[in-house]
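Geometric and topological summary
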Amino acid sequence: NFFSGHQGKDRVQWNTFRMNAVKTCSVMLSRALSLVEQEMFLFPRVCRMAGCHSTGTSSEQLQDCPTCYCVTWCSDMHREEMVDQHNTVCRELRLARVADRYECQVSVGLPSLPSNLDKEYLGTAPDITHFVDKPWAVKEEITKEELDFAFLTNQLSGPLTLLDVASRFLPDLSTRTSLTVHIAGSSLYEMMGIIKWEYLGHRLPNITNMQLVFIGPELEQEEEEQVPVPQCGDCTTLRRSITYQTHSTTYQEMRKVDSTIPDLVLVQNCGFSEYSTEAGSTEWEEGWAGLGHLLHQGSILIFTSYTKGEAVTDLARFLEYCDKEVEVLVRCEENNMRSHRPIRDWEQDRDKDVFYSNQFISVVKQVGN
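How each quantity is defined
Residues numbered from 1 in each chain as written. Predicted model: local features only at pLDDT ≥ 70, side-chain atom pairs only at ≥ 80, totals over all residues. Heavy atoms only, no water. Salt bridge = Lys/Arg side-chain N within 4 Å of Asp/Glu carboxyl O. Helix = DSSP H or I, 4+ residues; strand = E, 2+ residues; numbered from the N terminus. Buried < 20%, exposed > 50% of the residue type's maximum accessible area, 1.4 Å probe, protein only. Expected span 1.5 Å × (residues − 1). Axes fitted to C-alpha atoms, helices over the stretch in contact; angles between N-to-C directions. Parallel < 35°, antiparallel > 145°, perpendicular 65-115°, else oblique. Left-handed = near helix turned anticlockwise from the far one by under 90°. Contact = heavy atoms within 4.5 Å. Nonpolar A, V, L, I, M, F, W, Y, C, P; charged D, E, K, R; others polar.

1. Focus: the pattern of salt bridges
Counted under the stated rule, the structure contains 18 salt bridges. A salt bridge links D76 to R79; the shortest N-O distance between them is 3.4 Å. Of the two residues, D76 and R79 both sit in helix α3 (residues 76-87), 3 residues apart, roughly one turn of that helix. Overall, D76 belongs to the partly exposed group, its relative accessible area being 39%. Judged by its relative accessible area of 35%, R79 is partly exposed. The partner of R91 in a salt bridge is E146, with the nearest N and O atoms 2.9 Å apart.

Pasting the structure below:
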């Protein structure tokens with residue numbers, strides 16, 4: 001078995017081995033591996049017990065969880081030792097599998113958005129379930145309502161993260177008539193179902209002008225920077241102006257041609273710490289080398305991470321390379337407006353089986369000039 005011989009290896013060694021296998025296979029085939037091909041290496045059928053990684057023996061076969069089919073044990077002893085931990089995440093693993101299958105076979109999960117406009121400013125809430133109703137009746141099978149809830153929170157996590165942070169750190173948010181938001185590091189994820197960002201305006205009854213600017217080298221450059229997006233009927237009736245612009249470049253390059261000062265800058269699932277900072281690293285140079293450019297005098301910078309481990313290293317990387325004095329307003333906290341669409345975590349950061357989009361959050365602002 002390709003995965004044999006790794007018993008006793010720690011998490012870092014085990015993760016490195018699997019990722020190196022993906023890279024080696026890609027080099028041998030002279031192409032990038034598909035997602036399905038990558039998952040053969042990243043989610044092998046080995047014992048889930050930390051440090052075990054056994055592929056089973058002729059006398060003791062591997063045992064799969066008969067409910068989620070995502071976790072395997074090599075023995076009754078290891079299964080019994082992990083039963084409490086697994087019971088807390090088994091349904092989330094099932095939901096992740098069902099959601100993956102839906103998005104692979106049907107389409108990206110984009111359920112209809114709530115359309116109501118607040119007539120008075122209500123501010124933020126303890127968590128995202130205040131805005132998106134959670135189905136409480138748990139049935140044996142994953143229901144359509146449960147799946148729609150996961151997909152809807154995934155759509156609205158970005159806009160509601162902005163609302164939550166703005167309500168805490170922009171004192172005049174309730175009376176503001178205009179708001180400018182930059183969404184840096186944007187990709188297809190931010191642009192898909194773009195009308196979701198209008199939901200932020202629906203929570204701000206005094207807003208008459210909201211500008212959303214998407215910046216990222218992965219974006220397709222539009223012939224015109226402004227993207228035509230039809231507004232909802234209520235916003236049109238209220239004569240609101242909600243505009244969307246794109247810049248197919250890095251934030252550092254964008255600032256050379258656009259001097260607009262935003263109220264909020266959001267970087268979703270930022271990945272600051274993923275890139276090598278060694279000289280000549282094109283990914284770093286073309287991506288986040290100019291971290292300090294995300295800061296504007298008087299603006300709030302928000303960046304999120306998938307896991308706690310990533311959040312800690314992302315903030316450390318930012319503070320090391322931003323080259324400006326900053327005040328940390330929120331430090332690697334769990335984001336109450338995170339998505340509830342689970343994603344299997346092949347790295348199992350801090351021994352967790354799943355993570356969520358925008359799960360952890362840091363917020364900073366520039367101090368001085």
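2. As for helix α11 (residues 308-321)
A rise of 1.5 Å per residue sets the reference length of α11, with its 14 residues, at 20 Å; its end C-alpha atoms lie 20 Å apart and thus fit the reference within 8%. Buried within α11 are the following residues: G309, E310, A311, D314, L315, R317 and F318. Positive phi appears at D323, one or two residues downstream of α11, with a value of about 60°.

3. Some points on the packing of helix α1 (residues 11-29) against helix α2 (residues 35-42)
The axes of two packed helices give the description: the angle between them and the distance between them. Between α1 and α2, whose axes approach to 8 Å, the crossing angle comes to 140°. Comparing their axes, α2 and α1 come out oblique. Handedness of the crossing formed by α1 with α2: right-handed. Side by side, α1 and α2 meet where R18, M19, A21, V22 and C25 of the first sit next to Q38, F41 and L42 of the second. Along the lines of polarity and charge, the residues of the contact of α1 with α2 split into 6 nonpolar, 1 polar and 1 charged.

4. What to know about the packing of helix α4 (residues 90-105) against helix α5 (residues 144-169)
Between α4 and α5, the least distance of the axes is 11 Å, while the angle of their chain directions is 80°. The orientation of α4 relative to α5 falls into the category roughly perpendicular. For the pair α4 and α5, contact is made by R91, L95, V98, A99, Y102 and E103 and by E146, L147, A150 and F151, respectively.

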